[in-house]
Amino acid sequence: MAEQKIELRKIRDFGLNINDTFIFLRQNLKPLLQSFFAICGIFMLGQAIFNGIYQSHSMGGILQELLSGKVRTGKYNGNPYASIFSIEYFMVIIFMLLTFASMKVVVGAYLKYYLEHDGQQPGIEEIWSMYKKYFFKIFFYSIPIGLLTITGAVFCVVPGVYLWAVLVPFTFVVMIEDAGFSTAFYRCFEIIKGNFWPAFAVYLVAFIIYYISSGIISVVVGLIIGLAAYFTTKDIGTTVGIATSFLNIFSFTFYIIYFISAALQYFSLTEQRDGTGILNRIDNIGSDKNNFDNIEEQY
């Protein structure tokens, strides 16, 4: 018997969100990863390359100086600011912003197509079509959202954490609801009203799952790549650069767990607020014999 497809517009508690996240990933992992790497790959590769160069030049140089004893004996003549805030440093930041915006848009486009086509899995062409429509919008919208959250965290940690939890669904509001900046911004505050702590718990645990999953596997793979690079080149800077570049590309894939969990929480919040999913099912009574197959899970 075929496994029941995940209903996106559905009220979920904490446990159901995490469970549905992994079920959705199991059912859609292959087409999602194909679109993920095909579309986001250029930014991921660019970020990895510049980060590898940056790590090789800055951290590698410092490590070599430490090992040679020049820092300890006061003979180190390097400029720490020039090595840290180099051109590569700013390129890493730019490509990081592009990568995260691209990943969020790909996941949002996948879910939007899945929602609008009754659970059909989109191909790369369908994702690309929506990606072109939303990428620049999400990228430029993300800048003030990120600055606002960072400012709140710098001046007082609590406002930053609060804004982060409230604004996590921002990308999905813009894409799923075709909302502008101000509409999406206020919509985030509207849907989380009365549900801040459950939403915060979901986002935090999803991020921890991503972090642990990525960390454990990345450390093992990073050690293997790092040792291979070192014994091949005998250069610590090159070793750091190669290992870091590989780990960055590898760890990006685990962000899908966090994004899917956040998206399911967005659908849960909007369902509690608007009841769109149940209204659609009521309208479709009689049109689908399987209409009530999964309704006991929610109501």
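Residues numbered from 1 in each chain as written. Predicted model: local features only at pLDDT ≥ 70, side-chain atom pairs only at ≥ 80, totals over all residues. Heavy atoms only, no water.

1. So, the overall build of the protein
The helix and strand inventory of the protein stands at 11 helices and zero strands. Overall, the protein shows an N-to-C arrangement of helices and strands of α-α-α-α-α-α-α-α-α-α-α. Within the protein, the proportion of its 299 residues that are buried is 45%. Nonlocal contacts in the protein, meaning residues at least 24 apart in sequence, comprise 76% of its contacts between residues at least 6 apart. Total accessible area computed for the protein in this model is approximately 15700 Å², and 67% of it derives from carbon and sulfur atoms. (Helix = DSSP H or I, 4+ residues; strand = E, 2+ residues; numbered from the N terminus. Buried < 20%, exposed > 50% of the residue type's maximum accessible area, 1.4 Å probe, protein only. Contact = heavy atoms within 4.5 Å. Areas by Shrake-Rupley, 256 points an atom, 1.4 Å probe, with all protein chains shown as cover.)

2. Quick notes on the environment of Leu 115
Inspection of the secondary structure assignment puts Leu 115 in helix H3 (residues 87-116). For Leu 115, a relative accessible area of 24% gives the class partly exposed. With sequence-adjacent residues up to four places away left out, Leu 115 is seen in contact with Leu 8, Arg 9, Ile 176 and Phe 267.

3. Quick word on the packing of H3 against helix H4 (residues 124-155)
Where H3 contacts H4, the two axes come as close as 8 Å, and the packing angle between them is 135 degrees. By the criterion of interaxial angle, the relationship of H3 to H4 is oblique. As for the relative orientation of H3 and H4, their crossing is right-handed in sense. Listed contacts from H4 to Leu 97, Leu 98, Ala 101, Ser 102, Lys 104, Val 105, Val 106, Ala 109, Tyr 110, Lys 112 and Tyr 113 of H3 are Glu 126, Ile 127, Met 130, Tyr 131, Tyr 134, Phe 135, Ile 138, Phe 139 and Ser 142. Class assignment of the residues belonging to the contact of H3 with H4 gives a composition of 15 nonpolar, two polar and three charged. (Axes fitted to C-alpha atoms, helices over the stretch in contact; angles between N-to-C directions. Parallel < 35°, antiparallel > 145°, perpendicular 65-115°, else oblique. Left-handed = near helix turned anticlockwise from the far one by under 90°. Nonpolar A, V, L, I, M, F, W, Y, C, P; charged D, E, K, R; others polar.)

4. Here we look at the side chain of Ser 35
Mapped onto the elements, Ser 35 comes out in helix H1 (residues 14-68). A relative accessible area of 1% means that Ser 35 is categorised as buried. Excluding residues that lie within four positions of it along the chain, Ser 35 makes contacts with Cys 40, Val 106, Gly 123, Ile 124 and Ile 127.

5. Here's the deal with the confidence of the model for the protein
The pLDDT averaged across the protein works out to 81; a share of 72% of its residues lies at or above 70. Confidence over residues 71-76 falls short of pLDDT 50; this stretch has seven contacts with residues more than four positions distant or in other chains. Here residues 294-299 is a poorly scored stretch, pLDDT under 50, and it has 13 contacts once near neighbours within four places are set aside; other chains count. (pLDDT = per-residue confidence, 0-100.)

6. Overview of the nonpolar core
Counting 70 residues, the largest nonpolar core has Leu 8, Phe 24, Leu 111, Phe 170, Phe 172, Tyr 203 and Ile 260 as its most contacted members. Setting aside chain neighbours within four positions, we find Tyr 203 in contact with Trp 164, Ala 165, Val 168, Pro 169, Tyr 258, Ala 262, Gln 265 and Leu 269. (Core = buried A, V, L, I, M, F, W, Y, C linked by side-chain atoms within 4.5 Å.)

7. Considerations on the pattern of salt bridges
If you walk through the whole model with that rule in mind, you get nine salt bridges. A salt bridge links Arg 12 to Asp 20; the nearest nitrogen and oxygen atoms lie 2.7 Å apart. Neither Arg 12 nor Asp 20 differs from the other in exposure class; each is buried. A salt bridge links Lys 112 to Asp 178; the shortest N-O distance between them is 3.7 Å. Of this pair, Lys 112 sits in helix H3 while Asp 178 sits in the loop between helix H6 (170-176) and helix H7 (181-192), placing them 66 residues apart in sequence. Note on Lys 112: relative accessible area 6%, which makes it buried. Of the residues examined, Asp 178 reaches a relative accessible area of 43% and is grouped as partly exposed. Residues joined by salt bridges that share partners form a network here, namely Glu 177, Arg 187, Glu 190, Arg 273 and Asp 274. (Salt bridge = Lys/Arg side-chain N within 4 Å of Asp/Glu carboxyl O.)

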